[in-house]
Every structure is written in C-alpha cells, then in structure tokens.
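# Fold and geometry: a report
Spelled out from the first residue to the last, the chains are:
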Amino acid sequence: MRKNVVVAALLALCGAVVFARTSRASVEAETKDARSVHAVGFSAPIWNQTWGDDVQWSAAGIDLMYHHLTVRPNRFSTFTDVAFGYSNFSLDGADGSAGGFNTRYAFGLGGAPVVMRNLVVAVHGTFGANLAYAADSDFWLFGLWATVGMNAEASYTFAKNLAAFAGVTMYTNVFGIGVWDQAAYTRNAYTISPGSFNVDFRLGVAFVY
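Every value quoted in this text rests on a predicted model; they were computed, and no experiment measured them. (Residues numbered from 1 in each chain as written. Predicted model: local features only at pLDDT ≥ 70, side-chain atom pairs only at ≥ 80, totals over all residues. Heavy atoms only, no water.)

## Thoughts on unusual backbone geometry
Our working definition: By definition, any uninterrupted DSSP run of H or I lasting at least four residues is a helix, any uninterrupted run of E lasting at least two residues is a strand, and each is numbered from the N terminus.
In this structure, Arg 75 is a non-glycine residue whose phi angle is positive, near 80°. Relative to the helices and strands, Arg 75 is located in the loop between β2 (55-71) and β3 (76-91). We note that Lys 160 has phi near 55°; this positive angle belongs to a residue other than glycine. Secondary-structure assignment places Lys 160 in the loop between β6 (139-159) and β7 (162-182).

If you want it as structure tokens, here you go:
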C-alpha cells in the first residue's frame, strides 16, 4: 500500500513538473513578441491651416512629448502620445508672427511588422486633438482642432531596456475653431477648414519591456 502511494506521488510530481514547463513555454510563446515602449523626448510640429475662406496660417514648434506604444503578440499595436510646448504662428503674406503655448494629444491603431530582439517598427492610423494660443504686441490667436493621419515609428534597444526612439506623423486637419484678434480688425471666430498638410518629427529615448 505504501509503495503504491509513493508511486502515485511520484507520478503526480512528474505530471506537475511537465505541466509547469508546458505552461511556462506557452506563456513565453505568447509573450515573446509583446512589447511596451515608453518614450520621452522632443516633438517638432509643422502646421498649415486655413481659417474661414482665405486666412492662411503656418506654424512651427518644439514640444516635450511622452509616447507609449503597446505591441500585442499578434503584432496589433496601439499608441498614445501627449505633447506640450512652444509654437510660433505667422500669417501668410503679412509681416510679424506670434508665439505661445500648444498642447496636443494623439492615439493610433495599427500594426508592428518588425518585432525583433532589439528593433521594433510600427505603423498606425492616427487621430489627434490640438490646442494652441499665441500672442504678441499686435495680435493674438486661439485654435482648437482635430486631425487624422498616419504614423511610423521605430525603437532600437542598445542597452538592456534602454532604446533610441524616432517617429514621424503626417496628418491633415479635419475640423476646428479659431479666434483671431488684431488691432486693424475686429475680433472674429473662424472654422478651421479641413485639409492642409502637417507633419511631426519625434526623437527621444525609450524604455522597452
């Protein structure tokens, strides 16, 4: 009887070991291509906007940004991006410009065609929400608008979990509102027209897990 109990215990122990190894291998297989990339750095937006029928603005800026990319084992990926900083607006065909604050939020859905030990490359469709305020001695403006576009990004791990990060987003305005006040004009509210080409360049460091 005692011998049977010992044999049963040994079989149960072997079964538990095999099950544990199988479960571990299954988990590793499911998560080996998963990535979480947390990037911090700088973003440089370049904007073009049409307010109303014929008011043309161009702007450039420099922002601090936080970018979080998540890649699932099936290579489906998402990101969120938050940025804030300085932007300078100029009215096309007129002298002078105004600088001020901007803040931006974006998210994206897409995929990561390259997921290697040291390299992750992902591509997404994006949606963004943007707010900007700028002023100088002659005029001030305020804008709130949404955008859609596409994003491509890459992170290269060079030391354990530390990586270099770079990305670019190309997008167009969808809709928005703007207010512009200048001494020579009355204060007017405008719709920010759909269209116009915009681009963001991102560069920073990332922590990859």
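## With respect to the nonpolar core
Filter applied, for reference: To qualify as a nonpolar core, a set must consist of buried Ala, Val, Leu, Ile, Met, Phe, Trp, Tyr and Cys residues joined through side-chain atoms within 4.5 Å. Type-normalised accessible area, obtained with a 1.4 Å probe on protein chains alone, sets the label of each residue: buried when under 20%, exposed when over 50%, and partly exposed for intermediate values. Here, residues are in contact when the closest pair of their heavy atoms is within 4.5 Å.
Counting residues in hydrophobic clusters, the biggest one holds 17 residues, and the most contacted among them are Trp 47, Trp 51, Val 55, Trp 57, Phe 89, Leu 141 and Trp 180. Those elements that provide at least two residues to this core are β1 (35-51), β2, β3, β5 (119-135), β6 and β7. Discounting residues that sit within four places of it in the chain, Trp 51 has contacts with Trp 57, Leu 141, Phe 142, Gly 178, Val 179, Trp 180, Tyr 190, Thr 191 and Ile 192.

## Section: the pattern of salt bridges
As a reminder, the rule being used: Any carboxyl oxygen of Asp or Glu that lies within 4 Å of a side-chain nitrogen of Lys or Arg is treated as forming a salt bridge with it.
Applying the stated rule across the entire model yields four salt bridges. The partner of Asp 63 in a salt bridge is Arg 104, and the shortest N-O contact between them spans 2.9 Å. Of the two residues, Asp 63 sits in strand β2 while Arg 104 sits in strand β4 (residues 97-115), which places them 41 residues apart along the sequence. Taking the relative accessible area as the measure of exposure, Asp 63 reaches 1% and is therefore buried. Here Arg 104 falls in the buried class, since its relative accessible area comes to 7%. Where Arg 104 meets Asp 200, a salt bridge forms, and the shortest distance between an N and an O atom there is 2.3 Å. Of this pair, Arg 104 sits in strand β4 while Asp 200 sits in strand β9 (residues 195-208), placing them 96 residues apart in sequence. By sharing partners, the salt bridges in this structure join Asp 63, Asp 81, Arg 104, Asp 200 and Arg 202 into a single network.

## Brief notes about the pairing of β5
Going by this rule: Strands qualify as paired when DSSP identifies two bridges or more between them.
Pairing geometry for β4 and β5, over 15 bridges, is antiparallel. Bridge pairing links Val 114 to Val 121 in β5. As consecutive antiparallel partners, β4 and β5 are separated by three residues. Sheet topology places β5 next to β6; 17 bridges connect them, and they run antiparallel. Of the residues in β6, the one forming a bridge with His 124 is Asn 151. Counting the residues that bridge the hairpin from β5 to β6 gives three residues.

## Some points on the environment of Thr 78
Along the chain, the position of Thr 78 falls in strand β3. Each C-alpha atom of the pair Thr 78 and His 124 lies 7.5 Å from the other, and the pair is 46 residues apart in sequence. Contacts of Thr 78, omitting those with residues within four sequence positions, involve His 68, Leu 69, Thr 70, Arg 72, Gly 108, Leu 109 and His 124.

## What about the side chain of Gln 49?
Rule in force here: Contacts described as polar in this section are N or O atom pairs within 3.5 Å, which, within protein, must combine one atom able to donate a hydrogen with one able to accept it, while residues neighboring in sequence count only if both atoms come from side chains.
Residue placement: Gln 49 occurs in strand β1. Here Trp 51 takes part through its side chain, which lies 2.9 Å from a polar atom of the side chain of Gln 49. Setting aside anything within four residues of it in sequence, one finds Gln 49 in contact with Val 55, Gln 56, Trp 57, Phe 89, Trp 145, Asn 173, Ile 192 and Ser 196.

## Focus: the pairing of β1
Pairing geometry for β1 and β2, over 15 bridges, is antiparallel. Bridge pairing in β2 places Trp 47 opposite Ala 59. Between β1 and β2, which pair antiparallel and follow one another directly, the connecting turn spans three residues, one of which, Gly 52, has a positive phi of 65°.

## Observations regarding the confidence of the model for the protein
The test is simple: Per residue, pLDDT measures the predictor's confidence, with a range of 0 to 100.
Confidence along the protein averages 86 in pLDDT terms, with 82% of residues attaining 70 or more. Contacts of residues 1-31 to residues separated by more than four positions or lying in other chains number two contacts, the stretch itself having pLDDT below 50.

## Thoughts on a nonpolar patch on the surface
Let me state the cut-off plainly: Residues qualify for a patch when their relative accessible area is over 30% and they have no salt bridge, like charges being joined within 9 Å and the nonpolar side chains of Val, Leu, Ile, Met, Phe, Trp and Tyr within 5 Å. Accessible surface is estimated by sampling points in the Shrake-Rupley manner with a 1.4 Å probe; for residues, cover comes only from the protein chains shown.
On the surface, Phe 76, Val 82, Tyr 105, Phe 107, Leu 109, Phe 127 and Val 148 cluster together into a nonpolar patch covering about 580 Å² of accessible area. Among the elements of the structure, β3 and β4 are those that each provide at least two residues to the nonpolar patch. The leading source of residues in the nonpolar patch is β4, at three residues. Relative to the assigned elements, Phe 76 resides in strand β3.

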